[in-house]
Structure formats: C-alpha cells, structure tokens
Amino acid sequence: MAGLRERKKERTREAIQRAALSLITSRGYDAMTCEQIAAAAEVSPATLFRYFATKEDIVLQDDYDPLIAEAVRARPAHEDPLTAVRRGFADTFADVYQGDLEVIRQRTALILSVPALRARSREQQESLVSHLTDVLAERAGRNGKSLDIEVAAAVCAAAVSTAVELWARDGGDLPTLVEAAFAAVDELTRTAS
C-alpha cells in the first residue's frame, strides 16, 4: 500500500492533469501555457515541472504501462503470449476503467486532434511495446529480446491503440473494443497458421 507521501504526490499529479485537460478542452491546446495550468491546479509552475517536463507530458503521461505489464506477469504460466496479454489488459481495464474513463476519453481526443501530441503518443506506444516485450521474454524464460517476442508485443500494442482510437472517434465500450481487437489478432494468427 502506498504511503501518505506517495498518495499526496499521486493526488497532485492527478490534479494537474485534470486541470490541464479541462482547460485545454475548453480553450484549446495551443492557447494554454504551463503557468496557466499550474494556476488552475493551484500549484506553482516549479511543482508542475517536477511532475511533468513538458505540456505534452501533462496530457500523455500515465502509469498504465507498468500496470499492464504486472497484470500480464501475474497471468498463469500456461497461457500463450496473446492470451496472457489479452487477459492482462482485461484485468487492468477492470481495475482502472471506471475511475479513469473520462480522463482516458479526454486524453485520447486531444491526442487525435493535436498533431504535436499525436507525434509524441508514438513514444508512449514504444513504451508499452517495451514493457510487453520484457514481460513476454520473462514468461518465455528468455534473456534478452528476440524478433518473435518484439513482434508479438508490437502487435498487441497496435491492437489496443487501434481500439482506443476507434473508441475515441466513435464511442462504444472501450473494454469491449479492446477485446474485439485482440479477437481479430487471434483470428489472423489462426488463419495464418
């Protein structure tokens, strides 16, 4: 369980991100400065920059990748890689989806509409691929990375990214769309065999 100091830091980080998303959604990404976001979050600019290095990071930064990796790591050892990742994502969504739904929606809408954020979001996908590659290598009992594991991680990350973008554009239930994306990957791998 997180200590008081860690919980306070997390609340501050969340307050900054909520304030930023609210301001950016109402006034536009380019119109907002970090100083305005800090004022809205009732923190100093120095405090804001301790949590987020750039304005892009305020929108993009989250703690989901390590949570997903831990959920995949916790899956039973007999599960194949796709099933472990698929169920790891489902477990993670079950934990964070309801509480973070509006934040996820706002962040994704901004990422899709602001070119600078869209370009930087590719770095986030690389982070997810890296986390998944590491955990899949562990599950396979391998030291280091290999092409098959990196491809599996990249495919899983792409499936989730596609589902999230579809959800942000068209609505629907995000966990259902993510599950459908994994089902499509599963179907493709079975027909390719």
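For clarity, every value in this text was computed on a predicted model and none was experimentally measured. (Residues numbered from 1 in each chain as written. Predicted model: local features only at pLDDT ≥ 70, side-chain atom pairs only at ≥ 80, totals over all residues. Heavy atoms only, no water.)

1. Considering the overall build of the protein
- Helix and strand counts for the protein stand at nine helices and zero strands.
- For the protein, the N- to C-terminal ordering of α and β elements is α-α-α-α-α-α-α-α-α.
- Relative to the compact-globule value of 16 Å for 193 residues, the protein shows a C-alpha radius of gyration of 18 Å, a close match.
- When the backbone C-alpha atoms are referred to their principal axes, the protein occupies close to 55 × 40 × 30 Å.
- For the protein, the residues scored as buried account for 38% of the 193 residues in total.
- Pairs at least 24 apart in sequence give 65% of the contacts found in the protein among residues at least 6 apart.
- Here the protein carries 24 positive and 30 negative side-chain charges, and the mean point of each set is 4 Å from the other. (Helix = DSSP H or I, 4+ residues; strand = E, 2+ residues; numbered from the N terminus. Rg over C-alpha atoms; globule rule 2.2 N^0.38 Å. Buried < 20%, exposed > 50% of the residue type's maximum accessible area, 1.4 Å probe, protein only. Contact = heavy atoms within 4.5 Å. Lys, Arg positive; Asp, Glu negative; His and termini not counted. Charge placed at Lys NZ, Arg CZ, Asp CG, Glu CD.)

2. A few points about helix α2 (residues 34-41)
- Listing the buried residues of α2 in full gives Cys34, Ile37, Ala38 and Ala41. With its buried residues spanning 100° around the axis, α2 presents them on a single face.
- Looking at the packing, one finds that the buried side of α2 touches α1 (4-27), α3 (45-51) and α4 (55-60).
- A positive phi of about 60° marks Glu42, the residue just after α2. (Arc of directions from axis to C-beta.)

3. Looking at the side chain of Asp65
- Relative to the assigned elements, Asp65 resides in helix α5 (residues 64-73).
- Here Asp65 sits buried without a salt bridge, and the closest side chain of opposite charge, Arg107, lies 8.3 Å off (N-O distance).
- Once residues within four sequence positions are removed from consideration, Asp65 is found in contact with Gln124, Ser127, Leu128 and His131. (Salt bridge = Lys/Arg side-chain N within 4 Å of Asp/Glu carboxyl O.)

4. Some thoughts on the packing of aromatic side chains
- Using the criterion set out here, one finds two aromatic pairs in the structure.
- On the numbers, 6.4 Å between centres and 40° between planes, the contact of Phe89 with Phe93 is tilted. Placement of both Phe89 and Phe93 in helix α6 (residues 81-113) is noted, with a separation of four residues, approximately one turn of the helix. One exposure class covers both Phe89 and Phe93, and it is buried.
- Judged by centre distance (5.6 Å) and plane angle (45°), the rings of Phe89 and Phe182 are tilted. Note that Phe89 is positioned in helix α6 and Phe182 in helix α9 (residues 174-192), a separation of 93 residues in sequence. For the pair shown, Phe89 and Phe182 are each scored as buried. (Phe/Tyr/Trp six-rings, centres within 6.5 Å; stacked < 30°, edge-to-face > 60°.)

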